[in-house]
Amino acid sequence: MKAIVKTAPGPGNLAYTDFKDPDLQPGQVVIEVQATGLCGTDLSLYNWAESMVRQFKPKPPMVMGHEFAGVVAHVGAGVTGLRVGDRVTANPMIYCGECYYCKAGRHSICDHRPQLGLGLNGCFARFIAVRQENVYPLPPETSFEAAAMSEVLCVALHTLDRIPVGPGDTVAVVGAGPMGFLVLLAAQAAGASRLVMTGLKADGDRLNVAKSLGAHTIVVDGTDPAEAVRDLTRGLGADVVFECAGHPSGVPQALSLARKGGRIGVLGQGYADSSFNTAILSYREVELIGVRSYDPKVWHRSYDVLASRQFPLEALITHRLPLEDAARGIELMKSKQGLKIMFTTDWA
Ligand SMILES: [Zn+2]
Ligand SMILES: [Zn+2]
């Protein structure tokens, strides 16, 4: 089959090439991919970022990609409840189900959680094999492209499980990438009264999308974002801040935006150390809360979220490219030109 393959360790080393079809193991299904999204983590794998390599232990040559939707093409022995032709998406995190954290329902911090497309072969290909329990059927009216955003949607749902928001809250999102937008939409769906997104001048088009979704936007180069948020909040600051940039300046900026007693969700997986004086946590009783991926519970809930169309997911797709143009997609993402870049496939 054709696939986008990370061919060797080190930065770059990407090719659209032939790759062996996945082996179908008992308990698995093979899914024919119909739409697949490009994610910041894919960019980290492409760049061979040290923290990413340490975390997921990729072993090239391997197929990249972990956000997708498609159609069941083959069903392995022992699989029940899934049939050839079913429209599905899948949780790419292969949590172990056995460790202390899985047993406590904290699958997101499972001790053994290899991930499709980051450590195991992924979905930038015609076919991907996935174990049955990670496969979720789609509502009939949901498009493959919207469904291919289930993974980021589930991160956002899990984020709000960790850090609930509601009416009366001002929610600020640091970082105008796809993850920031999903969290923004989740906060909006949860009833937050005011939404703010901060970004860079280079994020121009992305911030326009945020405006169109009803958020206040702040360009941080040349302005003091903390002052801008205080101006919007009677001098208080944001009740909740979500750090979705993963840049070393992200958490310090989030701390400057939060009101006293505020909560900060840290989703960004920074590639470098971040520095701030921890006394601020004491003086201001701010809570700094780590958030990672999702658990099966939010994947089950995502069916109804997709069916309800509460999240205008398709509005976040700025580029649709054929899978063989993945390298161009990565360049677009690097230069912050795109928001969600979706690869479409035509296997006919
Ligand atoms: Zn992702
Ligand atoms: Zn586990």
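Keep in mind that what you see is a predicted model, and the values were worked out from it rather than measured.

Trainee: Please explain the side chain of His107 as it appears in this structure.
Mentor: With respect to the element layout, His107 can be found in the loop between helix 3 (100-103) and strand 7 (127-131). On the basis of relative accessible area, His107 is assigned to the buried category, the value being 14%. Setting aside residues no more than four positions away along its own chain, His107 makes contact with Met93, Tyr95, Tyr101, Cys102, Tyr294, Asp295 and Pro296.

Trainee: Can you help me understand helix 11 (residues 296-308) in this one?
Mentor: An α-helix turns once every 3.6 residues. As a result, residues three or four positions apart point the same way. Look at helix 11: 19 Å from first C-alpha to last across 13 residues, which is about the 18 Å you get at 1.5 Å a residue. All of the buried residues in helix 11 are Pro296, Val298, Trp299, Ser302, Val305 and Leu306.

Trainee: Got a minute to help me understand the pairing of strand 10 (residues 194-199) in this structure?
Mentor: Regular strands have side chains that alternate between both faces of the sheet. Here strand 10 lies mainly inside the structure; five of its six residues are buried. Strand direction decides the pairing type here: strand 9 (residues 170-174) and strand 10, joined by five bridges, are parallel. Along strand 10, the bridge assignment pairs Val171 with Leu195. As for the winding sense of the linkage, the β-α-β connection from strand 9 through helix 6 (residues 178-189) to strand 10 is right-handed. Pairing geometry for strand 10 and strand 11 (residues 216-219), over four bridges, is parallel. Across the sheet, the residue bridging to Met197 is Thr217, located in strand 11.

Trainee: What is the right way to read the coordination of the zinc ion (ligand 1) from this model?
Mentor: The textbook angles at a metal center are 109.5 degrees for a tetrahedron of four donors and 90 or 180 degrees for an octahedron of six. Taken together, the protein donors to the zinc ion (ligand 1) comprise Cys39 (SG), His66 (NE2), Glu67 (OE) and Glu151 (OE), at separations of 2.2 to 2.5 Å. Between the four donor atoms coordinating the zinc ion (ligand 1), the angles at the centre fall across 83 to 160°, so the site counts as irregular. Donor residues binding the zinc ion (ligand 1) come from one chain and are separated in sequence as C-x26-H-E-x83-E. For the residue pair His66 and Glu67, the accessibility class agrees, reading buried in each case.

Trainee: Sorry, what's going on with the coordination of the zinc ion (ligand 2) here?
Mentor: Protein coordination of the zinc ion (ligand 2) is provided by Cys96 (SG), Cys99 (SG), Cys102 (SG) and Cys110 (SG), with donor distances spanning 2.3 to 2.4 Å. Each donor residue of the zinc ion (ligand 2) lies on one chain, and together they are spaced C-x2-C-x2-C-x7-C. An identical accessibility class is assigned to Cys102 and Cys110; each is buried.

Trainee: I would appreciate a short explanation of the domain arrangement of the chain in the present structure.
Mentor: Many descriptions give the size of an interface as the accessible area lost when the pieces come together. Here the domain parsing of the chain yields domain 1 (2-151 + 294-344) and domain 2 (164-290). Taken residue by residue, the interface counts 13 residues in domain 1 and 16 residues in domain 2. For the pair domain 1 and domain 2, the summed buried surface comes to about 1,200 Å²; carbon and sulfur atoms form 73% of the total. Its largest share of buried area at the contact with domain 2, domain 1 owes to Phe311, Lys336 and Leu339, together 46% of the area lost on that side. Counting the contacts that link domain 1 with domain 2 gives zero salt bridges. Between domain 1 and domain 2 we count one residue pair in polar contact (both at pLDDT 80 or more) in total. Its residues assigned to classes, the side of domain 1 that touches domain 2 shows eight nonpolar, three polar and two charged.

Trainee: Sorry, what's going on with the pattern of salt bridges here?
Mentor: Tallying each qualifying case throughout the model produces eleven salt bridges. As a salt-bridge pair, Lys297 and Asp295 come within 3.6 Å of each other at their nearest N and O atoms. Relative accessible area serves as the criterion here: at 48%, Lys297 is assigned to the partly exposed category. With a relative accessible area of 5%, Asp295 lands in the buried category.

Cut-off values and rules
Residues numbered from 1 in each chain as written. Chains lettered and ligands numbered in written order. Predicted model: local features only at pLDDT ≥ 70, side-chain atom pairs only at ≥ 80, totals over all residues. Heavy atoms only, no water. Helix = DSSP H or I, 4+ residues; strand = E, 2+ residues; numbered from the N terminus. Buried < 20%, exposed > 50% of the residue type's maximum accessible area, 1.4 Å probe, protein only. Contact = heavy atoms within 4.5 Å. Expected span 1.5 Å × (residues − 1). Pairing = 2+ DSSP bridges. Right-handed = clockwise from strand over helix to strand, strands pointing away. Donors = N, O, S within 2.8 Å, 3.2 Å for Na, K, Ca; no water. Tetrahedral: all angles 85-135°; square planar, octahedral: opposite > 155°, others 65-115°. Domains from an automatic or database assignment. Buried area = accessible area lost by both parts, 1.4 Å probe. Salt bridge = Lys/Arg side-chain N within 4 Å of Asp/Glu carboxyl O. Polar contact = N/O pair within 3.5 Å; in protein donor to acceptor, adjacent residues only side chain to side chain. Nonpolar A, V, L, I, M, F, W, Y, C, P; charged D, E, K, R; others polar.

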